[in-house]
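If you want the building blocks of each chain, they are given just below.
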Amino acid sequence: MHGSAGGPTDFTATYLAKRFTCFTPQMDPSDLSKAVQLHTDALEEFKPQVVVGESFGCAVAHQLIESGKWKGPTVYMCPAVHRIRERFGITSEPIIPSNVPVVIIHGKHDTVIPYDDTQRLVQNTQSRLVKLHVVDDDHGMRKVVETDELKNYVNEALSLHE
């Protein structure tokens, strides 16, 4: 699930498609409910083993998790969960249920999503299956992708589910 500025052919989506069987539909980041519905339909059709969200895509993934439509392994990259919820008027604190494994990656040099937002998300979780990694990268996570670390985080999320 891509970020606001990304899409099915962006750097991260292309990277994932070379290493995993992927489905990355184009989302409209101006409409959270349509993005959630698009991915609800995609989950039913594609039946993925893991969901990877990037920035805005994390907010979509989180809505799917909170609604119970997705309970599988998930990777959040530079999660914009709080920011997107605020933008769309969702006032409740986001909570990751206890049965959902989530690997969260946040860049030390991210100037778009504050680390405090990610810490809040982790602190509000009900799950011991949540793992946070703070990496030497920025919001685009280009180093994580170029060094092939993202593959390791996807595999970690899968291993938490087994």
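Look above for the structure.
Everything numeric in this text was worked out from a predicted model, so none of it was measured. (Residues numbered from 1 in each chain as written. Predicted model: local features only at pLDDT ≥ 70, side-chain atom pairs only at ≥ 80, totals over all residues. Heavy atoms only, no water.)

1. A short note on the packing of helix H2 (residues 32-46) against helix H3 (residues 56-66)
Okay, so step 1: Where H2 contacts H3, the two axes come as close as 9 Å, and the packing angle between them is 65°. Regarding the angle of H2 to H3, the classification is roughly perpendicular. In this structure, the crossing between H2 and H3 has a hand that is right-handed. Judged by residue contacts, Leu-32, Ala-35, Val-36, His-39, Thr-40 and Leu-43 of H2 engage Phe-56, Val-60, Gln-63 and Leu-64 from H3.
Okay, so step 2: Along the lines of polarity and charge, the residues of the contact of H2 with H3 split into 7 nonpolar, 3 polar and no charged. (Axes fitted to C-alpha atoms, helices over the stretch in contact; angles between N-to-C directions. Helix = DSSP H or I, 4+ residues; strand = E, 2+ residues; numbered from the N terminus. Parallel < 35°, antiparallel > 145°, perpendicular 65-115°, else oblique. Left-handed = near helix turned anticlockwise from the far one by under 90°. Contact = heavy atoms within 4.5 Å. Nonpolar A, V, L, I, M, F, W, Y, C, P; charged D, E, K, R; others polar.)

2. Structural notes on the pairing of strand E2 (residues 74-77)
Okay, so step 1: Of the two faces of E2, the one holding Thr-74 and Tyr-76 and the one holding Val-75 and Met-77 are both buried throughout.
Okay, so step 2: Inspection of the sheet shows strand E1 (residues 51-54) paired to E2 by 4 bridges, in the parallel sense. Residue pairing in the sheet places Gly-53 in a bridge with Tyr-76 of E2.
Okay, so step 3: At this point the chain moves from E1, through H3, to the parallel E2, and the crossover so formed is right-handed.
Okay, so step 4: Summarising the sheet, E2 and strand E3 (residues 102-107) pair through 4 bridges and their orientation is parallel. The residue of E3 that forms the bridge with Thr-74 is Val-102.
Okay, so step 5: Following the chain from E2 across helix H4 (residues 81-87) to the adjacent parallel E3, one finds a crossover that is right-handed. (Buried < 20%, exposed > 50% of the residue type's maximum accessible area, 1.4 Å probe, protein only. Pairing = 2+ DSSP bridges. Right-handed = clockwise from strand over helix to strand, strands pointing away.)

3. Digging into the pattern of salt bridges
Okay, so step 1: Throughout the structure, instances matching the rule amount to 7 salt bridges.
Okay, so step 2: The shortest N-O distance in the salt bridge between Asp-117 and Arg-83 comes to 3.3 Å. With Asp-117 in helix H5 (residues 115-123) and Arg-83 in helix H4, this residue pair connects regions lying 34 residues apart in the sequence.
Okay, so step 3: As a salt-bridge pair, Lys-143 and Asp-136 come within 3.8 Å of each other at their nearest N and O atoms.
Okay, so step 4: By relative accessible area, which is 42% here, Asp-136 ends up partly exposed.
Okay, so step 5: Members of the salt-bridge network, linked through shared partners, are Arg-19, Asp-148 and Lys-151. (Salt bridge = Lys/Arg side-chain N within 4 Å of Asp/Glu carboxyl O.)

4. Notes on the nonpolar core
Okay, so step 1: Counting 26 residues, the largest nonpolar core has Val-60, Tyr-76, Ile-96 and Val-102 as the members making the most contacts within it.
Okay, so step 2: Among the secondary structure elements, those contributing two or more residues to this core are H2, H3, H4 and E3.
Okay, so step 3: If one sorts the elements of this core by residue count, H3 sits on top with 7 residues.
Okay, so step 4: Those residues in contact with Ile-96 that sit more than four places away from it in its chain are His-62, Tyr-76, Val-102, Ile-104, Leu-121, Thr-125, Gln-126, Ser-127 and Val-130.
Okay, so step 5: Val-52, Cys-78, Val-144 and Tyr-153 belong to the second largest nonpolar core, which has 18 residues in total. (Core = buried A, V, L, I, M, F, W, Y, C linked by side-chain atoms within 4.5 Å.)

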